[in-house]
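# Structural characterization, general
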Amino acid sequence: MRERMTTVSHWWNAQSRAAQWGYMVPVVVFLLALPVLNPPIITTEPYTDFPISLFNAAVFALIAIGLNVVIGQAGLLDLGYVGFFAIGAYTAALLSSPDSELGVRYPWLVIVPIAMVVTMISGVILGTPTLRLRGDYLAIVTLGFGEIVRLLADNVDPLRGNRGFQNIARPGGDFPDGTPIFSQTDALGFYWLAVIIIVIVLLFMGNLERSRVGRAWIAVREDEDAAELSGVPTYRFKIWAFAIGAAVGGLSGTLFAAQVGYVNNQRFDITTSTLYLAAVVLGGQGNKVGVIVGAFLVSYIPDRFQFEPTYRFLIFGVALIILMIFRPQGLLGMRQHLLAYGREAYQKLFGAGAAVAPSGLTASSRARGDLAEAEPDDHAGTSPRGGGE
C-alpha cells in the first residue's frame, strides 16, 4: 500500500502545475455538486442538514489552511488561532449588525477586506513582541491571546457578551425563482462560496510557498538558527506567517458570521482552537490537501454520528487516537522535496538518465525522488532543503 501511495505521489509531483489543476477540476465540480447529490452513505441527514454540515466543514478547512501557514509552513505552534477567527466574525458584526453601536451597515463584500486587514494587524501586534519566543513558550502566549479575545467578548459592553449581534450582513443574489442564494436556512449558496474561496486561497498559498517567502518559512521550520546564520531574516518572515495566517482566519470568521447571522461569545473557546490544531495535525502539517482532509473529518464525524449524541464525541476521540497511532505524520504527511529545483535544472542540462547527480544524488535516487547515501565531504549537511505542499 505504501509503495502504491509513493508511486502515485511521484506521478503527481511530476505533473506541471497546469496539469495538476486540470486534474483537480472534476474534483472541485464533484465537491460543488455534493450537497445536491446528497449521497446516502455520507449524508448527515435527518439529524443535521447536509449542506449546513458541508458548509461547516468548508469553513473548518479554510481555517486549517490559514493555521497551516503558521504551524505547517513556518513551524510556529499557535494554540490561540480561534482569536483571529473571532476577530473576523466580530468585525463583520460591528460593521453590519443593527445591534452595533457604530451605527453602520456595510455590505458583506466591503466587510471582507476590512476584516482581513484588521486580523492581519492583530497578527502583527501579537507577533511583534512574542515571536522571539519558541516552542512551548510561544504556544502559551498564543493560548493567552485566544483567551484574551474571548474575555474581551465577555466583558466589553460594545461587544454585547452573550447577547451577541443579529442580522449580520451576507452576500446578495437570488436564484431564478427569486429565492435568495445566501440565507440562514439554506447553506447551499454559502457552501459553494466557501469552496470557491478555498480554491482561490489554495492558488495563492501554492504560489506563496514556491516564492522566496515560502522557502524562508521552510528554512525557519527546519532549523531557525541555521536559517538565521544563512542570512534569512527569520523574525520578519515569522511576522509574515502570523499576518497571512491571521488574514485567512479573519476571512473564515466573516464567512461564518454571514451564514449564521448571529455572533456571540460562546463560539470562540479554547476547545474550538484545539480542534483547529487537531485538524492540521490529523491531516498532515505542511500539506495543504492533508489539512483540508483533516478539517473535513474533524468537522464531519461529530455531525455524522448525531444519532448517537452520547457517544459521538467518544467515537471521534477514538478515531483520532487510532489515526495518531498508525499515522503519526498525519493522513497526508509533509513531503520533503529535497533539492527539487536543483534536480530539475540538472536533468534539463544533462538529461534525466545522467549517471552523476549533484550533492550525492544517484540516477536511481533521482527516479525515486530520495537522497542517496553519499560519501561525507567538507560540505556535508549544508544542502538546501525544501518543504512539502
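Within any chain, residue numbers begin from 1 and follow the written order of that chain's sequence. Under the rules for a predicted model, residues below a pLDDT of 70 receive no local features and side-chain atom pairs below 80 are neither given nor counted, while totals for whole chains, interfaces and linings still include all residues. Hydrogens are left out, water is left out, and the side-chain values use all remaining heavy atoms of the structure.

## Some details on the packing of aromatic side chains
Note on ring pairs: Phe, Tyr and Trp rings are taken, using the six-membered ring of Trp, and paired if centres are within 6.5 Å. Classes follow the plane angle, with under 30 degrees stacked, over 60 edge-to-face and the rest tilted. Applying the stated criterion to the full structure yields 12 aromatic pairs. Both rings, one in Phe84 and one in Phe242, keep their centres 6.5 Å apart while their planes meet at 85 degrees; by these two values the pair is edge-to-face. Here Phe84 is found in helix 4 (residues 82-96), whereas its partner Phe242 is found in helix 10 (residues 234-260), with 158 residues between them in sequence. An aromatic cluster of three or more residues is present, and its members are Phe60, Phe85, Tyr90, Phe165, Phe256, Phe268 and Tyr276. Over the ring of Phe165 we find Arg160, and its NZ or CZ is 5.9 Å from the ring centre. Under the DSSP-based scheme used, a helix requires at least four consecutive residues in state H or I and a strand at least two consecutive residues in state E, with every element numbered from the N terminus. Here, a charge over a ring is recorded when the distance from Lys NZ or Arg CZ to the ring centre is within 6 Å and its angle to the ring normal is within 35 degrees.

## Some details on the layout of surface pockets
Taken as a whole, the second largest pocket spans an internal volume of roughly 550 Å³. Here the term cavity refers to a set of points on a 1 Å grid, laid over the protein atoms alone, in which a 1.4 Å probe fits but cannot get out; the term pocket refers to an open set having protein on both sides within 12 Å along at least five of seven lines, with lining residues being those that place an atom within 4 Å of a point. Lining the second largest pocket are 21 residues, and of these Asn56, Phe60, Thr272, Leu275 and Ser299 lie nearest its centre. Looking at the lining of the second largest pocket, the elements that each hand over two or more residues are helix 3 (50-73), helix 11 (270-283), helix 12 (288-304) and helix 13 (312-326). Classifying every residue of the lining of the second largest pocket by side-chain character gives 11 nonpolar, 6 polar and 4 charged. Grid points are joined across faces, edges and corners, and a volume is the space filled by probe spheres set on the points. Only Asp, Glu, Lys and Arg are considered charged in this grouping, and only Ala, Val, Leu, Ile, Met, Phe, Trp, Tyr, Cys and Pro are considered nonpolar; every other residue, Gly among them, is considered polar.

## Description of the pattern of salt bridges
Opposite charge on two side chains lets them pair, provided their charged atoms get close. Basic side-chain nitrogens of Lys or Arg form a salt bridge, by our definition, when they fall within 4 Å of a carboxyl oxygen of Asp or Glu. Throughout the structure, instances matching the rule amount to 6 salt bridges. When the shortest N-O distance is used, the salt bridge between Lys238 and Glu224 registers 2.9 Å. Residue Lys238 is located in helix 10, and its partner Glu224 is located in helix 9 (residues 224-229); the two are separated by 14 residues in the primary sequence. Side by side, Lys238 and Glu224 carry an identical accessibility label, which is buried. Burial here depends on accessible area, computed with a 1.4 Å probe over protein chains only, as a share of the maximum for the residue type. Under 20% is buried, over 50% is exposed, and the range in between is partly exposed.

## Examining unusual backbone geometry
One non-glycine residue, Arg160, lies in positive phi territory at about 65 degrees. Considering the arrangement of structural elements, one finds Arg160 in the loop between helix 6 (135-155) and strand 1 (165-166). With a relative accessible area of 21%, Arg160 lands in the partly exposed category. A positive phi is found at Asn167, a non-glycine position, where the angle reads about 55 degrees. Within the secondary structure, Asn167 sits in the loop between strand 1 and helix 7 (188-209). For Asn167, a relative accessible area of 46% translates into the label partly exposed.

## Remarks on helix 2 (residues 17-37)
Given 3.6 residues per helical turn, the α-helix brings residues three or four places apart onto the same face. By definition here, a helix of n residues has an expected span of 1.5 Å times n minus one. The end-to-end C-alpha distance of helix 2, which contains 21 residues, comes to 30 Å, matching closely the 30 Å that a straight helix rising 1.5 Å per residue would cover. Fitting axes to the seven residues ending at a residue and to the seven starting there, one defines the bend at that residue as the angle between these axes. Taking the largest bend as the criterion, helix 2 deviates by roughly 30 degrees, centred on Met24, and proline Pro26 comes between one and four positions later.

## A look at the side chain of Thr43
Note on placement: Thr43 falls in the loop between helix 2 and helix 3. Here Asn38 takes part through its side chain, which lies 2.6 Å from a polar atom of the side chain of Thr43. Throughout, a contact is declared for two residues whenever any of their heavy atoms are within 4.5 Å. The residues touching Thr43, leaving out its near neighbours within four places in the chain, are Asn38, Phe50 and Arg304. N or O atoms within 3.5 Å of each other form a polar contact, as long as, within protein, one can give a hydrogen and the other can take it, and as long as residues adjacent in sequence are counted only when both atoms are side-chain atoms.

## A short note on the packing of helix 3 against helix 8 (residues 212-222)
To get an axis, fit a line to the C-alpha atoms, keeping to the stretch in contact for a helix; angles then go from 0 to 180 degrees between the N-to-C directions. Taken N-terminus to C-terminus, the directions of helix 3 and helix 8 make an angle of 50 degrees; their axes are 9 Å apart at the nearest point. Relative to helix 8, helix 3 is oriented oblique. Side by side, helix 3 and helix 8 meet where Val69, Gly72 and Gln73 of the first sit next to Trp217, Ile218 and Arg221 of the second. Within the contact of helix 3 with helix 8, the residues separate by chemical class into 3 nonpolar, 2 polar and 1 charged. Convention used here: angles under 35 degrees read as roughly parallel, angles over 145 as roughly antiparallel, angles from 65 to 115 as roughly perpendicular, and any remaining angle as oblique.

## Topic: the environment of Pro171
Note that Pro171 resides in the loop between strand 1 and helix 7. For Pro171, a relative accessible area of 13% gives the class buried. Note: C-alpha distance between Pro171 and Trp108 (63 residues apart in sequence) is 5.6 Å. In contact with Pro171, not counting residues within four places along its chain, are Trp108, Phe182, Phe190, Leu193 and Ala258.

## Re the side chain of Ser96
Of note, Ser96 is situated in helix 4. What makes Ser96 buried here is its relative accessible area of 0%. With near-sequence residues (within four places) excluded, Ser96 lies in contact with Val104, Arg105, Tyr106, Ile111, Asn167, Ile168 and Ala169.

## What about the confidence of the model for the protein?
Each residue carries a pLDDT value, the predictor's own confidence for that position, ranging from 0 to 100. Overall, the predicted model of the protein reaches an average pLDDT of 79, with 81% of residues at or above 70. When pLDDT is averaged over each helix and strand of the protein, the minimum, 40, is found for helix 15 (residues 363-368) and the maximum, 93, for helix 4. In this model residues 336-342 is a low-confidence stretch, pLDDT under 50, and it forms 18 contacts with partners more than four residues away in sequence or in other chains. For residues 354-389, every residue scores under 50 in pLDDT, and the model assigns this stretch 67 contacts once sequence neighbours within four places are set aside.

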